[in-house]
Amino acid sequence: MKNFFIKLILLCFVSGFLCPVSCSGQENLDYNRLYEDMPILDFMYEAGFDPEESEDYEKYFISPYVLIRLPVVLKNKKTVLLPGYYLVKPEKKDGYNFAVFKQNGRIKGIIPVYKKYIVNPAEIFPEPEKPKHKFYIKPFVYAGNVIKWPFSKIFKKRNPPAPPRAAVEFELVGNDRYYDMGLYVEDSLYKMLFIMEK
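Predicted model only: the values in this text are computed from it and were never measured.

A. Representation of empty space enclosed by the protein. Scanning the entire structure with this criterion turns up 1 cavity of 30 Å³ or more. Counted as a void, the largest cavity has a volume near 40 Å³. Lining the largest cavity we find P39, I40, L41, D42, N76, K77, T79, I110 and P112.

Given below as structure tokens:
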């Protein structure tokens, strides 16, 4: 048993030297080269309208896109996004992953995604805690559930589906020259890179 622990410690020690960066999950990116190699995708929606927008909205009561607020002017190659609120839709076409930024139904920018990750949605969007009822309220809650049980199928049909869960994070990278945006949508993380205009 003692030999097993010694071998295990040695294995952990050696594996730390073999893959100190890639195994830890941290990537040492060259943001200058990454930004220069990004494609310009403004040819995708030349008229400024998304022909699939009506299909996207068809089964939802509210917007299925992610609403984000940009606090500063952001630039990605020829695309400049002014401060304000945008509806963002991640897409994949012709082998490109990208995000469409919209305002008032018009496309304001198409930003390439430099990396797409698969994430665990339970970690990003944890379930809210269920309310703890006092003992004298529990019978009323139980009675309400019993009363609405026969009608649950009717209400389920009438309720539109919830839009995809989403979250956004921003980080300054590359000696504070670039603005790295991470867009979480359900089980996907889309990473985009901008230059912050001054």
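Still more to cover.
B. Representation of the pairing of strand β1 (residues 66–70). Judged by which residues are buried, β1 turns out to be one-sided: V66, I68 and L70 face inward and are buried, whereas L67 and R69, on the alternate face, are not. Relative to strand β4 (residues 84–93), β1 runs antiparallel, the two sharing 5 bridges. Across the sheet, V66 pairs through a bridge with V88, a residue of β4.

C. Highlighting the confidence of the model for the protein. Scored by pLDDT, the protein comes out at a mean of 78, with 72% of its residues at no less than 70. Per-element averaging of pLDDT across the protein places helix α1 (residues 2–18) at the bottom with 40 and strand β7 (residues 115–118) at the top with 94. Throughout residues 1–26 the model reports pLDDT below 50, and contacts reaching past four residues in sequence, or to other chains, amount to 4 contacts.

D. Structural view of the sheet that holds β1. Ordered in space as β1-β4-β5-β6, the 4 strands form an open sheet in which the pairing is antiparallel. With one partner strand each, in any of the chains shown, β1 and β6 (106–112) form the two edges of the open sheet. Averaged over all neighbouring strand pairs, the angle between strand axes comes to 35°, with direction disregarded. In terms of strand pairing, strand β5 (residues 96–103) meets β6 through 6 bridges, oriented antiparallel. Following the sheet pairing, V100 is matched in β6 by I110.

E. The pattern of salt bridges, seen in detail. Applying the stated rule across the entire model yields 9 salt bridges. For K102, the salt bridge goes to D50, with nearest N and O atoms at 2.9 Å. Residue K102 is located in strand β5, and its partner D50 is located in the loop between α2 (31–36) and α3 (53–57); the two are separated by 52 residues in the primary sequence. The class of K102 is buried, set by a relative accessible area of 3%. Two residues, K89 and E52, come together in a salt bridge whose shortest N-O distance is 3.5 Å. Here E52 lies in the loop between α2 and α3 and K89 lies in strand β4, a separation of 37 residues in the sequence. Note on K89: relative accessible area 5%, which makes it buried. One network of salt bridges, with partners in common, ties together D50, E52, E53, D56, K89, E91, K93 and K102.

F. Inspection of the layout of surface pockets at higher detail. Put simply, the largest pocket is a space of about 210 Å³. P64, K89, P90, P164 and V185 are the residues nearest the centre of the largest pocket, which is lined by 16 residues in total. Sorting the residues of the lining of the largest pocket by element identifies β4 and β10 (188–196) as the ones contributing at least two each. Of all the elements, β4 adds the most residues to the lining of the largest pocket, at 4 residues. Of the residues that constitute the lining of the largest pocket, the class distribution is 9 nonpolar, 1 polar and 6 charged.

G. Looking closely at the packing of aromatic side chains. This structure, assessed with the given rule, holds 6 aromatic pairs. On the basis of an interplanar angle of 25° and a centroid distance of 5.2 Å, the ring pair of F170 and Y179 is categorised as stacked. Overall, Y179 belongs to the buried group, its relative accessible area being 11%. Taken together, the ring pairs in this structure connect Y31, Y35 and Y178 into an aromatic cluster. A cation sits over an aromatic face here: K77 above Y35, 5.9 Å from the ring centre.

H. Just the environment of P161, in detail. You can see P161 is positioned in the loop between α6 (152–158) and β8 (166–173). In sequence terms P161 and I62 are 99 residues apart; their C-alpha atoms lie 9.5 Å from each other. In this structure P161 touches K59 and Y60, once residues within four positions along its chain are discounted.

How each quantity is defined
- Residues numbered from 1 in each chain as written.
- Predicted model: local features only at pLDDT ≥ 70, side-chain atom pairs only at ≥ 80, totals over all residues.
- Heavy atoms only, no water.
- 1 Å grid on protein atoms, 1.4 Å probe; cavity = no way out; pocket = protein on both sides within 12 Å on 5 of 7 lines; lining within 4 Å.
- Points joined across faces, edges and corners; volume = space filled by probe spheres on them.
- Buried < 20%, exposed > 50% of the residue type's maximum accessible area, 1.4 Å probe, protein only.
- Helix = DSSP H or I, 4+ residues; strand = E, 2+ residues; numbered from the N terminus.
- Pairing = 2+ DSSP bridges.
- pLDDT = per-residue confidence, 0-100.
- Contact = heavy atoms within 4.5 Å.
- Axes fitted to C-alpha atoms, helices over the stretch in contact; angles between N-to-C directions.
- Salt bridge = Lys/Arg side-chain N within 4 Å of Asp/Glu carboxyl O.
- Nonpolar A, V, L, I, M, F, W, Y, C, P; charged D, E, K, R; others polar.
- Phe/Tyr/Trp six-rings, centres within 6.5 Å; stacked < 30°, edge-to-face > 60°.
- Lys NZ or Arg CZ within 6 Å of the ring centre and 35° of its normal.

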